[in-house]
Amino acid sequence: MLHYEGSLWLTDGARRWGGIDRVELLAHIGATGSITAAAKASGMSYKGAWDAVEAMNNLAGEPLVLRTAGGRGGGGAKLTARAERLIASFRGIEAEHRRFVERLAGLGEDATDDLHLLRTFTMRTSARNQLAGTVRRIGEGAVNDTVEVSLPGGAALLATVTRESAASLGLVVGRAVVALVKASWVMLALPGDGLRVSASNRLPGTVSRVVPGAVNSEVTVSLDGGGSICAIVTMESVADLDLAEGERVLAVFDASSVILGVTD
C-alpha cells in the first residue's frame, strides 16, 4: 500500500525550492531564532543548515533568512516575510498532498506498483544504463558503505557509496533504488573458469545487439533474469572477442562505477 512519506517538493518553473526537510529547517529557525538550535532540531550540522539556507536564498532570488546581532553561533537569525509565506503555502499544499496520497492508497497494490514504475520513468540522467532494484544488504565501512542491490530475476550488483551519501539517500534494506552505470565503464568478457578480474560486478548475459562505429562499437547485453546493459568497446575488442548476437558474455564493472539514485 502507498503511505505518505513527505516526499513533496515545491517547484517554481525551473527553480526547485526544496521539500519538507528544508521547510522544517526554516520553521525551526523561525521558532528558535537560531541557526544552531534549528540545525540541532533538524538533525543537521550547523554548516549543513547554513548551506541549505544559502541554497534556498539563491533559488528564491531574495533572502529567506537574515542574521541578527548576538545569539549563539555568531549571531541569531530570523525569517523574512517571504519565508513565512513559503512555509504557510507548503503546509497547505502538504495537507492536500496527504489527502491525495491517502486516496491513492485505496486503489490497490497493482496501482501502487505502477506508480512506482512511472516515477522511475521521470529520472533524467546522462548514464546510459539505468537498472532498477532493491537494497538487499548494506556493509558499513569507516568512510564508504558497500550496498548490494537485488535486480529483477535474482541477480545482484554491488555499489560503493560514501557513508554521507547512504544517509542522504535514506538507504536501508528494502529501499527501491536505481543503479546508474555509464556504458563506457562497462567491460565485456567471455565467461570461463580462467577469468580473474578485480571488478566486483560480473553480470552474465547474452549479446543482443552490436552497433559498430568508426572507432568503438555499442554492444547491448540482455542480462540473465531480465533487463539489459550497454557497453562501449573498441572495434578491435569486438573482433578479438568475436562478439555477435547470441554470444554469452559477462558485463564487468567496478562497484565504484555504480551511482545509486532514488526517486523520492
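Caption draft 1: Seen up close, helix α1 (residues 20-32). With 13 residues, α1 should reach 18 Å at 1.5 Å per residue; the first-to-last C-alpha distance of 18 Å fits that figure. Where α1 is concerned, the buried positions are Val23, Leu25, Leu26 and Ile29. The buried residues of α1 occupy one face: seen down the axis, they fall within an arc of 155°. Turned more than 90 degrees from where α1 packs its buried face, Asp21 and Ala31 sit exposed. Directly after α1, the chain includes Gly33, whose backbone phi takes a positive value near 70°.

Caption draft 2: The arrangement of the environment of Arg22 in detail. By secondary structure assignment, the location of Arg22 is in helix α1. Arg22 gets classed as partly exposed once you look at its relative accessible area, which sits at 26%. In the structure, Arg22 is positioned 65 residues away from Ile87 in sequence and 9.8 Å away in space, judged by C-alpha atoms.

Caption draft 3: Quick look at the packing of α1 against helix α3 (residues 46-60). Where α1 meets α3, the axes come as close as 11 Å, and the angle between the chain directions of the two elements is 105°. Between α1 and α3, the angle is such that the two are roughly perpendicular. Packed against α1, whose contacting residues are Arg22, Leu25, Leu26 and Ile29, the element α3 presents Ala49, Ala52, Val53, Ala55, Met56 and Leu59 at the interface. Grouping the amino acids of the contact of α1 with α3 by side-chain chemistry returns 9 nonpolar, no polar and 1 charged.

Caption draft 4: A look at the sheet that holds strand β14 (residues 259-261). Here we have 5 strands laid out as an open sheet, ordered β7-β6-β5-β8-β14, and antiparallel in their pairing. Looking at the sheet topology across the chains shown, the edges are occupied by β7 (156-162) and β14. Neighbour-to-neighbour, the strand axes of the sheet open up by a mean angle of 45°, direction not taken into account. Both strand β5 (residues 129-139) and strand β8 (residues 176-181) contribute to a ladder of 6 bridges, which runs antiparallel. Note on β8: the bridge partner recorded for Leu131 is Ala179.

Caption draft 5: Representation of the pattern of salt bridges. On inspection of all chains with the given rule, the structure shows 9 salt bridges. Among the ionic pairs, Arg137 bridges to Glu148, the shortest N-O distance being 3.1 Å. Of this pair, Arg137 sits in strand β5 while Glu148 sits in strand β6 (residues 144-150), placing them 11 residues apart in sequence. Among the ionic pairs, Asp224 bridges to Arg248, the shortest N-O distance being 2.8 Å. With Asp224 in the loop between β11 (216-223) and β12 (228-234) and Arg248 in strand β13 (residues 248-253), this pair connects stretches of sequence that are 24 residues apart. On the basis of relative accessibility, which here comes to 34%, the residue Asp224 falls in the partly exposed class. For Arg248, a relative accessible area of 37% puts it in the partly exposed group.

Conventions used here
- Residues numbered from 1 in each chain as written.
- Predicted model: local features only at pLDDT ≥ 70, side-chain atom pairs only at ≥ 80, totals over all residues.
- Heavy atoms only, no water.
- Helix = DSSP H or I, 4+ residues; strand = E, 2+ residues; numbered from the N terminus.
- Expected span 1.5 Å × (residues − 1).
- Buried < 20%, exposed > 50% of the residue type's maximum accessible area, 1.4 Å probe, protein only.
- Arc of directions from axis to C-beta.
- Axes fitted to C-alpha atoms, helices over the stretch in contact; angles between N-to-C directions.
- Parallel < 35°, antiparallel > 145°, perpendicular 65-115°, else oblique.
- Contact = heavy atoms within 4.5 Å.
- Nonpolar A, V, L, I, M, F, W, Y, C, P; charged D, E, K, R; others polar.
- Pairing = 2+ DSSP bridges.
- Salt bridge = Lys/Arg side-chain N within 4 Å of Asp/Glu carboxyl O.

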